[in-house]
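Structural characterization, general
Here are the chains, one letter per residue:
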Amino acid sequence: MTAPHLDPARKHDFVFLIEATDSNPNGDPDNGGLPRTDPVTGQGLITDVALKRKIRNTVSLINEIDKKPGYEIYVAAGVALNAQHERAYADGDQGGNATNQATAQKWMCQNFFDVRMFGAVMSTGKADRKAGRVQGPVQIGFARSIDPVTPFDIGITRVTPTRQEDVEAWKNPEEGKSKGKETEMGSKHIVPYGLYKGAGHFSAPLASRTGVTTNDLAVLWRAFTHMFEHDRAAARAGLALRGLYVFTHADAFGSTPAHELIDRITVKPLGEATARTFADYGSIDVRDADLPDGVSITRLVG
């Protein structure tokens, strides 16, 4: 029997909790890479794009081991999107031999996990090599911190400069010329601590259009639970998934509005930016004793 949260014929709404400890969960390129914040409330933000990027990367890692067909990634670093569309029309082992946009789109859904799950706009490129637009069944919203966060810069030094000319000039200074430099300065942007809550949704009717399977949902949840474990970096060493709760409806369209279910997972705010550990928030309140008829909950994390 298929577990409720793995059934692609049923609607799912899910809530997740992410913590950041001395890390930058999502830098803002328009603000020098500082962690994203709401300028009015001071709460931290993590965009849907950042989360889906981590899921894509994790699915790619999983598929390097599992090597199952249908789990390539469409939005991948170093690969032009139009080149992916061309593959749908190409002949041979790596091509789909599509004859029109409809068959190209079907091939893209079958071969790319993120097209099948997140959707894609594939209407760019040559007029006879397009794959149209796919509305994905999985949508993930922004995650917002429970309380305000306090982003700041930490200055760092490196014992060697980037350019060889600076090394030579430092070792052999000449009158009237640059003295070069022995070290270089830099900075890291972090929040000392932030606990973020976000939500996502799975549409069964849209999933039937793209061909989502039970295994696709299993891979999605597996990638979600491991996405921070294999994405460590100097500024992301302290990211962790603290909760993942999946509400499953009895049918494809659902019986209860998503926001009512999302509100059942709550964290009591401290009202200030003093939290430094997960324990500062105490326990997570999961109201699952009186779920609406036809709704079940699966605790994957937490």
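So, a few notes on the structure that sits alongside this text. (Residues numbered from 1 in each chain as written. Predicted model: local features only at pLDDT ≥ 70, side-chain atom pairs only at ≥ 80, totals over all residues. Heavy atoms only, no water.)

1. A few points about empty space enclosed by the protein
All told, the structure shown has two cavities of 30 Å³ or more when counted by the stated rule. What the largest cavity holds in volume is close to 70 Å³. Lining the largest cavity are 14 residues; nearest its centre among them are Pro148, Val149, Tyr193, Gly194 and Tyr281. Among the secondary structure elements, those contributing two or more residues to the lining of the largest cavity are strand 8 (143–148) and strand 10 (184–202). Counted by class, the lining of the largest cavity contains nine nonpolar, three polar and two charged residues. In terms of lining residues, the second largest cavity is bounded by Ile18, Pro25, Ile46, Ala50, Leu51, Lys54, Phe228 and Leu239. If you tally residues by element for the lining of the second largest cavity, the top one is helix 1 (residues 48–66), at three residues. Of the residues contributing to the lining of the second largest cavity, the split by class is seven nonpolar, no polar and one charged. (1 Å grid on protein atoms, 1.4 Å probe; cavity = no way out; pocket = protein on both sides within 12 Å on 5 of 7 lines; lining within 4 Å. Points joined across faces, edges and corners; volume = space filled by probe spheres on them. Helix = DSSP H or I, 4+ residues; strand = E, 2+ residues; numbered from the N terminus. Nonpolar A, V, L, I, M, F, W, Y, C, P; charged D, E, K, R; others polar.)

2. Digging into the environment of Val15
Inspection of the secondary structure assignment puts Val15 in strand 1 (residues 12–23). Assessed through its relative accessible area of 0%, Val15 is described here as buried. Put simply, Val15 and Val267 are 252 residues apart on the chain and 12 Å apart in space, counted from C-alpha to C-alpha. (Buried < 20%, exposed > 50% of the residue type's maximum accessible area, 1.4 Å probe, protein only.)

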